Amino acid sequence: MFVSQPTFSYQIKLLEEEVGFEIFVRNGKGATLTPAGQQFVTFLSNMREELKRAIEQGQNFSVRYKENITISMSVRQALYFLPEAIKEFEKKAPGTQITPLFQYGNSMDSFLKNESDVVFALEEQTKQLAGTTVHKLFKSHIYLICDKNDPLASKNLITDEDIYGRTLMVGGGSPALLRSVQQKLISSGKIEYFNSPDHDTTLTNIASGKGICLAPGFLNDHSGQFAWIPYDCDDTFACVLCTHKADQRQSLDTFIKVLQKLYTEAVAFPF
């Protein structure tokens, strides 16, 4: 490091005084990180990686693009046609880059902080939003997810009676509509259930045979790993895009219309 031991020790001491906690525990054999020090070093390492990615992104942008549109969503599969939309859009606006931002659980917060230009959302989340424009995209139905070897996987439509006697995973940030359907099944007293914190944990539990779940079709990644069977229910999720009302860029309007066109034309696609 080209720094003498006394100098290095003094610099560490100054740093510990500045941050207000011990980073190292010193003993006769040397020094080890304290728990707080370990967390501090991990955070700094993450910051370094984030800075590296930011520099790389900036370098890419400066070479090829003059403008950027950031679209945030909770999970990649929420906008299944996004890659195709980017291809189509870049033919129309080659100087504008589309940057996806995946933020599980807080994509709307990021949008409201002006950290993104577009956010994928459910219409129910947009009712009280000021200064935004809502663009309708598609309706998503409720599906039952189970292992491909589960007897339910052979069915074309799932009814409540099919679920009775099974273990249903619930929670995990479920939208209000889905929570009401889950509660209806729970109140029947004919199912077992337990809370699962998020969708990925739920899928892991399904794969390990712990239960089944109900989910919006827009969460389907169409990988074929699980069986997704339509649930007999008329309720749907209204999926939309939100933009900032003050953002009147022609490129943004073009991008929204490209996405809307793709979803309008996908009439036979299982959402």
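Residues numbered from 1 in each chain as written. Predicted model: local features only at pLDDT ≥ 70, side-chain atom pairs only at ≥ 80, totals over all residues. Heavy atoms only, no water.

**As for the sheet that holds strand β3 (residues 67–73)**
- Strand order in the open sheet made by the 5 strands is β4-β3-β5-β12-β6, with mixed pairing throughout. What marks the edges here is a single partner per strand, and that holds for β4 (96–102) and β6 (132–140). Within this sheet the neighbouring strands show an average axis-to-axis angle of 25°, counted without direction.
- Contacting β3, β4, β5 (118–122), β6 and β12 (237–244), helix α8 (residues 250–265) runs over the sheet at an angle of about 15° to β6. (Pairing = 2+ DSSP bridges. Helix = DSSP H or I, 4+ residues; strand = E, 2+ residues; numbered from the N terminus. Axes fitted to C-alpha atoms, helices over the stretch in contact; angles between N-to-C directions. Contact = heavy atoms within 4.5 Å.)

**Digging into the packing of helix α3 (residues 82–92) against α8**
- Closest axis-to-axis distance for the α3/α8 pair is 9 Å, and the angle between their directions is 135°. For the element pair α3 / α8, the angle class is oblique. The hand of the α3/α8 crossing is right-handed. Within the contact between the two elements, α3 uses L82, E84, A85, E88, F89 and K92 and α8 uses S251, T254, F255, V258, L259 and L262. (Parallel < 35°, antiparallel > 145°, perpendicular 65-115°, else oblique. Left-handed = near helix turned anticlockwise from the far one by under 90°.)

**Quick word on the nonpolar core**
- Judged by nonpolar contacts, the single largest core of 61 residues is most densely connected at I71 and L214.
- Per element, the largest residue contribution to this core is 7 residues, and it comes from α8.
- Beyond its immediate sequence surroundings of up to four residues, I71 is in contact with L79, L82, I98, T99, P100, L101, V118, L241, F255 and L259.
- Residues V119, A121, V240 and C242 belong to the second largest nonpolar core, which totals 6 residues. (Core = buried A, V, L, I, M, F, W, Y, C linked by side-chain atoms within 4.5 Å. Buried < 20%, exposed > 50% of the residue type's maximum accessible area, 1.4 Å probe, protein only.)

**A look at the pairing of strand β8 (residues 167–170)**
- With 4 bridges joining them, β8 and strand β9 (residues 192–195) adopt parallel strand pairing. The residue bridging T167 from the neighbouring strand is E192, located in β9.
- The sheet contact formed by β8 and strand β10 (residues 212–216) spans 2 bridges and is parallel. Within the sheet, the bridge partner assigned to M169 lies in β10 and is C213.

**Section: a nonpolar patch on the surface**
- Nonpolar side chains collect at one region of the surface, where F43, L44 and M47 lie side by side and expose about 310 Å² of accessible area between them.
- Of note, L44 is situated in helix α2 (residues 35–64).
- A relative accessible area of 40% means that L44 is categorised as partly exposed. (Patch = residues over 30% accessible without salt bridge, like charges linked within 9 Å, V, L, I, M, F, W, Y side chains within 5 Å. Areas by Shrake-Rupley, 256 points an atom, 1.4 Å probe, with all protein chains shown as cover. Salt bridge = Lys/Arg side-chain N within 4 Å of Asp/Glu carboxyl O.)

**Observations concerning the packing of aromatic side chains**
- Evaluated as defined, the whole model comprises 15 aromatic pairs.
- Relative to F269, the ring of F81 lies with its centre 5.0 Å away and its plane at 55°, an arrangement referred to as tilted. With a gap of 188 residues between them, F81 in the loop between β3 and α3 and F269 in the segment after α8 connect regions that are remote in the sequence.
- Given the relative accessible area of 23%, F269 is considered partly exposed.
- Aromatic side chains F120 and F138 sit 6.3 Å apart centroid to centroid with 25° between the ring planes, which places their arrangement in the stacked category. In this pair, F120 is assigned in strand β5 and F138 in strand β6, connecting sequence segments 18 residues apart. For the pair formed by F120 and F138, the shared burial category is buried. (Phe/Tyr/Trp six-rings, centres within 6.5 Å; stacked < 30°, edge-to-face > 60°.)

**Quick word on the state of the cysteines**
- Using the criterion set out here, one finds 0 disulfides in the structure.
- The thiol sulfur of C242 is not disulfide-bonded, and the nearest other cysteine sulfur, from C239, lies at 12 Å. (Disulfide = S-S within 2.5 Å.)

**Notes on helix α7 (residues 199–207)**
- Within the span of α7, buried status applies to H199, T202, L203, N205 and I206. Each buried residue of α7 sits inside an arc of 160° when the element is viewed along its axis, so together they form one side. Facing away from the buried side of α7 by over 90 degrees, the exposed positions are D200 and T204.
- Among the structural elements, β7 (142–147), β8, β9, β10 and β11 (226–230) are those in contact with the buried residues of α7. (Arc of directions from axis to C-beta.)

Any link to function would need more than the numbers given here.
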